[in-house]
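Each chain is listed here by its residues.
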Amino acid sequence: MRGCMTDMRETNVGPETVVYAVPEDKRISVGAPSLIALPNGKLLAAFDQTGPDVKGLNGKKGHDAKRNRWMQGRVMASTDGGATWQLAATFPFRRASLFRDGGDVYLLGEASGGLCQMRSPDGGGSWSAPMELTGDLDLWLAPTAGLADGESWFVPALLPSGGGMGVTTFRAPRGASLMNRKAWTQGPVSPPLAQLLPVQSGTGCGLPLGGIAPAWRDPVLVKIADPKHPWHAAGVLHVLGATSSGRQHWAAVARLATAELTLAPQTDPDGAPWIWLPVPGGHEKFDLFHDESSRTYWLAGSRGLPGLPLGAPAAREEGLHRLGLWASENLADWRLAAPLVAGGEGPAGIRCDPSAAVCGNDLVWVCRAGGARSRNARETAQITCGRVAQFRARNG
């Protein structure tokens, strides 16, 4: 496989609308959102809130005793395609993902280091009380990371390992009562990314820029469905992780054995490890899914800085102002299908951490956005959304 990223269709798509904005008198920041579209067209978006004034908010709240921080999440609902949004629920955890199993909608996140979940039997109209599924594991979850494959759900997470962060995966049966602690199985924790790297570079590996310690960030799961793809195999999923590597648009890839939930490097036909993969926005959190109708992988992510910034400049906040939508048939050759949004300069123009969902023939996206009082990318004060009409037609 070869890697490339080709710009196409540099035309604007639908307008950006506000899902939620922090009141001007509140010292609160919003976290990365998750988004799903229900069969009836209803949209649900979930995100967490942090900051000194979270403690005084109405609704469910959680407290991180280790860091003495309060947290509250919000589920917002739209029945008009994203034009307007209403509060559907609050939740006492963070970094949560929305997913649908049969007629139920679930919200799975992290509360003080362990998995926590809520369930809605009616499309987000009402929600169960939150249930803790594990003890304190010091987890880091990436919203939008879960994947359904065969008879199971799979959710990757990061856990401390070997002086860094490794990947662990949780599995639960589809169609079962997921509000049962016994339904969830956790796999072993992998070594940190730096320990998976080979001593010498090989085909597809490449090496991070000197002085940058490579590390996993926000892993997502993907299934390679094409039997002609060289990485296709039964009982195998792939983890693609946004990484700190000193380069933009590169992600790390590894194989997940679904039976044992073990992670190992992907290899080329000669058996050499293949660690790095050209992925647009691979240096920041991205959302990735396979669309059966178009037989295409779609990715919403950061367009980064112009040029080829290396080392510390590759992670500068100036690259967090533009989002794009890309398409690929093989996870290596990417085409820019549509620019999603450009927020402008400065902290107020931050647009990052997108989540996407297919709604009929359209693609809807949400992201974190800066506000008038934002001082940096951690202090985003809005969740915004947009729509790409007939998005499959942009797969030119």
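Predicted, not measured: the structure shown is a model, and the values here were computed from it.

A. Geometry of the overall build of the chain. A tally of helices and strands in the chain yields one helix and 30 strands. Its C-alpha atoms give the chain a radius of gyration of 20 Å, within 12% of the compact-globule value 21 Å for 396 residues. Based on the C-alpha atoms only, the size of the chain along its principal axes is roughly 60 × 50 × 40 Å. Out of the 396 residues belonging to the chain, those deemed buried represent 56%. Put simply, 56% of the contacts in the chain that link residues at least 6 apart link residues at least 24 apart. For the chain, the exposed surface amounts to about 16,100 Å²; the carbon and sulfur share of it is 51%. Across the chain, 39 positive and 35 negative side-chain charges occur, with their mean positions spaced 3 Å apart.

B. Representation of the sheet that holds strand β28 (residues 351–359). Pairing is antiparallel across the open sheet formed by four strands, whose spatial order is β2-β30-β29-β28. Of all strands in the sheet, those with a lone pairing partner are β2 (17–21) and β28, marking the two edges. Direction aside, the axes of adjacent strands within the sheet are offset by 20° on average. Of the strand pairs in this sheet, β28 and strand β29 (residues 362–369) are connected by seven bridges, and their pairing is antiparallel. Within the sheet, the bridge partner assigned to Ala356 lies in β29 and is Trp365.

C. Structural context of the environment of Met118. Checked against the element boundaries, Met118 lands in strand β11 (residues 114–120). Exposure remark for Met118: the relative accessible area of 0% places this residue in the buried category. Excluding anything up to four places from it in sequence, Met118 contacts Thr90, Phe91, Pro92, Phe93, Val105, Tyr106, Leu107, Trp127, Ser128, Ala129, Pro130 and Met179.

Calculation rules
- Numbers given for residues are sequential positions, taken from 1 along each chain in its written order.
- Totals for whole chains, interfaces and linings use every residue, but because this is a predicted model, local features are given only for residues with pLDDT of at least 70 and side-chain atom pairs only at 80 or more, for both listing and counting.
- Derived side-chain values reflect all non-hydrogen atoms in the structure, with water molecules and hydrogen atoms excluded from consideration.
- A helix here means a DSSP run of H or I that spans at least four residues, while a strand means a run of E at least two residues long, and both kinds are numbered starting from the N terminus.
- Each radius of gyration is computed over the set of C-alpha atoms, and the globule rule expresses the reference value as 2.2 Å times the number of residues to the power 0.38.
- A 1.4 Å probe rolled over the protein chains alone gives each residue an accessible area, and that area as a share of the maximum for its type sets the label: buried under 20%, exposed over 50%, partly exposed in between.
- Any two residues whose heavy atoms approach within 4.5 Å are treated as being in contact.
- Accessibility throughout is a Shrake-Rupley quantity obtained with a 1.4 Å probe, and a residue counts as covered only by protein chains that appear here.
- A positive count includes Lys and Arg, and a negative count includes Asp and Glu. His and the chain ends are not counted in either.
- Charged groups are reduced to one reference atom each: NZ for lysine, CZ for arginine, CG for aspartic acid, CD for glutamic acid.
- Note: two strands are recorded as paired if DSSP finds a minimum of 2 bridges between them.
- Fitted lines through C-alpha atoms give the axes, limited to the stretch in contact for helices. The angle between two N-to-C directions lies from 0 to 180 degrees.

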